[in-house]
Amino acid sequence: MRPDPPRTAESRHSLRPHQFRELAAGEGGPETLRVLARAEYSHRLLLCDLLMDALAPLPGVTGPLPAAERAWDLLAAAQRHRPEAVEELLLLPETGLWLNRLLARLRTPARAGTPLWADAGHLHALAAAAAVRAGLTFSFPVPAHHGAVRLPALGLARLPVARRHGAAWDTAVVRASGGRVTVVGRCGRTTLPVRPDRPAPGWAPVRRVALTPGGPHRIVVDDVGAHRIAPLPYGAARRLAPAAYEGWSRLLREAYALLVDVDPPTADAARVLLRSLQPLPPHEPFRVRSVTSGHGVGGMASSLPDSAAQCAATLVHELQHSKLSALLHLCPLYEPGRTRALYYAPWRDDPRPLGGMLQGAYAFTAVARFWQAYAARYPRAADSAVARFDGALWATQLAYAVPEPAADPALDATGRRALQDLLGAVRRLGAGTGDRPEERLAHRMARDHRATWRLAHVRPHPRDVAALAAAWGAGRTRPPVLPARRWPPRDAGHRHLDARAMLVRIGLARPAALDELRDRPGDTVPGVTGASRGDLLWACGDPDGARRLHLRDLRYPARRAGAWTGLALALADTGEAPEAVAALTAVPELVAAVHRAATEHEGGPPDPVDLARWLGRA
């Protein structure tokens, strides 16, 4: 059961050159993916070994539960009877999350809501679940939280608790004999049904979805597990109602069928790597909230997508993260402490370090590939216009954003080769000729997002701002030429920078929906967080109205975040002031900063369009 020494384990898991190139380009066939899965199992075993070594010198760390070695012995006994059941338990994404979080907690003790003994006691719950699945006869204590006992890959038992029993955490005993399993607590017991996958009083089983009807690969719909991917309370486990579970099941099967049809590499990844999905509460249209963790390879958390195609794209996105995380466990591509550079990431609101750029570029290259393939395969589908938009948008943004981190000095030789392969995949995507209206919109939204991101995160040099404001106040006909200065970007906390792209998607999917939003009162846009009324008027084809509202919003500091770049879109559509459009697209942060400085110096704000036009002459 204990893993091989690291050097031996490394020699047993290696990728052939063609397999590495497949993965680096964002793909990978079944054989390559199975190498990753086996390597990930060894990685989990090594983490188990590290945990046992970390717990050994801590007497009493498991509190009222037996020592960790007792749980390990029960897990090893289960492995001797049913090794595949133990492997499945250790490869559960929640097991990886728990191992890494507990090891971090042991290294750097900090306040936590869960007592350390109960956190360590997840090992006991794993051992008991493994012993149940192996058909062993045993009796073993496990943690209980407010009467809830979670048995990984099996389900959740609810025990009666005394009203005046104040402790949130307690212990219960899992007993198995003669094929019957009982969970016994301080105030009562729950008996599991003969088939633990069936519900019973006091028992909520783990539910699974077969990706194909009756197919062998079944993923866990994890709505009862304790170790969550998304932060609490948003990501907390909430038992799905039967209708919601059926909705998820149907959507996952439809999405998988789409992947088989248009994106076979991701269909292969789903069969080999995908193990669990944690449902999240609903979110806004076209804004699926999904997340994965490098510690929980094969798992994802997601809000319910709007369609099978959107669900398929979400699977593509999160499975790419799992593939890259497993690859990084096998062969790190960069030295994390060697660079502090932050980069523009079109898929995020905040500047990202190298590791985040690798993950995002890897995921969205495959997302762009999916949308382009889907649009080509189903050109008359109701969502084909949105698919063409997204395929062109992500391809355009990737071509802009990926080359810079590909030259980061923290990349090792393997990492540089991987990034070159990924760049090749980005170039093969193309971004469209701009002949289609969806492609033209995609190119505009790519430029708009870059400009809005600059406005949020790039800081002009104070001396440049002062010099330009002085030249403006002196009435000079052209701004002075200044030396190029570059400051590192900062995270100023601005969010939802993609709001205008969301409005474009809504309009492409159902134009009447934009008119319905416009008819609603108020300054906000319901269902599109971050969008202003000016943005909505622009999306509805009213650039004059958008210009008026953006100029109004520039008078209020709280509304300025996207008003400058929204003004650029409106001016471009009216054909007014091309120099202003150029400045607001290339250096909107400089326009905004000079406007602030000139306002303070002159005692009143200059006309934003005149100032932007003046700066655009440089």
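Residues numbered from 1 in each chain as written. Predicted model: local features only at pLDDT ≥ 70, side-chain atom pairs only at ≥ 80, totals over all residues. Heavy atoms only, no water.

1. Side note on the pairing of strand 10 (residues 276-279)
Note on strand geometry: in a regular strand, side chains alternate between the two faces of the sheet. Here strand 10 shows two buried faces, one formed by Ser276 and Gln278 and the other by Leu277 and Pro279. The sheet contact formed by strand 9 (residues 218-221) and strand 10 spans two bridges and is parallel. By the bridge assignment for strand 10, Val221 is matched with Leu277. Bridging between strand 10 and strand 12 (residues 299-302) involves four bridges; their strand directions are parallel. In the strand pairing of strand 12, Pro279 is matched with Ser302. (Buried < 20%, exposed > 50% of the residue type's maximum accessible area, 1.4 Å probe, protein only. Helix = DSSP H or I, 4+ residues; strand = E, 2+ residues; numbered from the N terminus. Pairing = 2+ DSSP bridges.)

2. Section: the nonpolar core
Phe370, Trp371 and Leu398 are the most contacted members of the largest nonpolar core, which totals 77 residues. The biggest single contributor to this core is helix 12 (residues 354-377), with 13 residues. When near neighbours in sequence (up to four residues on either side) are disregarded, Leu398 contacts Trp347, Ala361, Phe364, Thr365, Ala368, Pro403, Val426 and Leu429. Grouped together as the second largest cluster of nonpolar side chains are 52 residues, Val61, Ala77, Leu102 and Ala120 included. (Core = buried A, V, L, I, M, F, W, Y, C linked by side-chain atoms within 4.5 Å. Contact = heavy atoms within 4.5 Å.)

3. Observations regarding the side chain of Asp464
Here Asp464 is to be found in helix 16 (residues 462-473). The class of Asp464 is buried, set by a relative accessible area of 9%. In this structure, Asp464 is in contact with Leu482, Pro483 and Arg485, ignoring residues within four places of it in sequence.

4. Details of the packing of helix 16 against helix 24 (residues 608-615)
Each pair of packed helices gets described by two things: the angle between the helix axes and the distance between those axes. Closest axis-to-axis distance for the helix 16/helix 24 pair is 12 Å, and the angle between their directions is 110°. When the axes of helix 16 and helix 24 are compared, the pair comes out roughly perpendicular. In this structure, helix 16 meets helix 24 at a crossing whose hand is right-handed. Of the residues in helix 24, those touching helix 16 at Leu468, Ala471 and Trp472 are Asp610, Leu611, Trp614 and Leu615. Each residue belonging to the contact of helix 16 with helix 24 can be placed in one class, and the counts come to six nonpolar, no polar and one charged. (Axes fitted to C-alpha atoms, helices over the stretch in contact; angles between N-to-C directions. Parallel < 35°, antiparallel > 145°, perpendicular 65-115°, else oblique. Left-handed = near helix turned anticlockwise from the far one by under 90°. Nonpolar A, V, L, I, M, F, W, Y, C, P; charged D, E, K, R; others polar.)

5. Section: the pattern of salt bridges
Tallying each qualifying case throughout the model produces 34 salt bridges. For Arg207, the salt bridge goes to Asp223, with nearest N and O atoms at 2.8 Å. Highlighted residues: Arg207 in strand 8 (residues 207-210) and Asp223 in the loop between strand 9 and helix 9 (242-262), separated in sequence by 16 residues. Summarising the burial analysis for this pair, Arg207 and Asp223 share the class buried. (Salt bridge = Lys/Arg side-chain N within 4 Å of Asp/Glu carboxyl O.)

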